[in-house]
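Residues per chain are reported as follows:
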Amino acid sequence: MDNIFGRIGRGAVFALMIGFGVAGCNSAGGLSSPDVTNAPAAGFGNISPGSEEEFIINVGRRVYFDQGSAVVTDEARITIENQAKWLKSNKKWLVKIQGHADDPGSEAAQKTLSTQRANAVMAELVKLGVNPKRMWVKGYGVERPVTDCDKVTCQSQNRRVVVNLREEFDDSAPAGRR
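Residues numbered from 1 in each chain as written. Predicted model: local features only at pLDDT ≥ 70, side-chain atom pairs only at ≥ 80, totals over all residues. Heavy atoms only, no water.

### What about the confidence of the model for the chain?
As a reminder, the rule being used: The predictor attaches a confidence to each residue, called pLDDT, with possible values from 0 through 100. Contacts between residues were defined by any pair of non-hydrogen atoms, one from each residue, lying within 4.5 Å.
Of all residues in the chain, 71% have pLDDT values of 70 or greater, and the mean over the chain is 82. Within the model, pLDDT remains below 50 along residues 12-28, and this stretch shows four contacts once partners closer than five positions in the same chain are excluded.

### Some words on the side chain of E54
Selection criterion: The way it works is that DSSP assigns letters per residue, a run of H or I at least four long becomes a helix, a run of E at least two long becomes a strand, and they are numbered from the N terminus. Any residue under 20% of the maximum accessible area for its type is buried, any over 50% is exposed, and the rest in between are partly exposed; the area is computed with a 1.4 Å probe on protein chains only. Residues counted as positive are Lys and Arg, residues counted as negative are Asp and Glu, and His and the chain ends are not counted. The term salt bridge refers to a pairing of a side-chain nitrogen on Lys or Arg with a carboxyl oxygen on Asp or Glu at a separation within 4 Å.
Examined against the element boundaries, E54 turns out to sit in helix α2 (residues 52-59). It turns out E54 is buried and unbridged, and the closest side chain with the opposite charge, K92, is 9.3 Å from it. Other than its neighbours up to four places away in sequence, E54 contacts I47, S48, P49, V59 and W86.

### Digging into the sheet that holds strand β4 (residues 94-99)
Short version of the rule: We treat two strands as partners when DSSP finds at least two bridges between them. Angles shown run from 0 to 180 degrees and are taken between the N-to-C directions of axes, each axis being a line fitted to C-alpha atoms and, for helices, limited to the stretch in contact.
Read from one edge to the other, the open sheet built from four strands follows the order β3-β6-β4-β5, with strand pairing classed as mixed. Edge positions in the open sheet fall to β3 (62-64) and β5 (135-139), since each of these has one partner strand only. The sheet shows a mean angle of 20° between the axes of neighbouring strands, direction not considered. Contacts from helix α3 (residues 74-89) reach β3, β4 and β6 (160-166), with the element oriented near 155° to β3. Each of β3, β4, β5 and β6 is contacted by helix α4 (residues 107-127), which is oriented at about 160° to β5, the strand it contacts most.

### Points about the pattern of salt bridges
Where charged atoms from two side chains of opposite charge come close, those side chains can pair. If you walk through the whole model with that rule in mind, you get five salt bridges. For R77, the salt bridge is made with D74, and the minimal N-O distance between the two is 3.4 Å. One end of the pair is R77 and the other is D74, both in helix α3 and three residues apart, which spans about a single turn. What makes R77 partly exposed here is its relative accessible area of 27%. Ionic pairing is found between K127 and E124, a salt bridge with its closest N-O pair at 3.1 Å. One end of the pair, K127, and the other, E124, are both in helix α4, three residues apart, so they sit about a helical turn from each other. Several salt bridges share partner residues, and in doing so they unite D74, R77, E124 and K127 into one network.

### Details of the environment of K138
Looking at the element boundaries, K138 is found in strand β5. Sequence separation of K138 and I97 is 41 residues, and the distance between their C-alpha atoms is 6.3 Å. If we ignore the near neighbours within four places in the chain, the residues touching K138 are K96, I97, Q98, G99, A118 and S172.

Encoded structure:
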């Protein structure tokens, strides 16, 4: 036992002492470093109610889909319910619902699937009481990937709908709403 402590114990004790010494250092040259553990994240210190930042951070704007599917999953429905609640309380915002895809198939098939996904999210929002006149959809297919990779887990991030807040209709909105 004495022999084991002699080899392992002294090294462990030395490492522990060094660790405590480094952990105790929060100053250099007499200057203390600030405690930033609980500081607000840069750019998000003053999130005001009803703001786009509040929607992105507290509600979430992305809804994910299974490969080759435009069916809203139970998990996605939770996000959509939160979005609907927020949008009904913040009626000043218009909503551009952008569909995306990263599934096997042609570019035309990807555009169709991404549009179907966006329409599925819009239909859920309408069912939950969001005025359809405030919303429009745009399917981008594979044009705007979040990530470019071959891994299934990575590609799944591109199988999404992004609910974006707008102050005015853009060129992708139906002609009657621009």
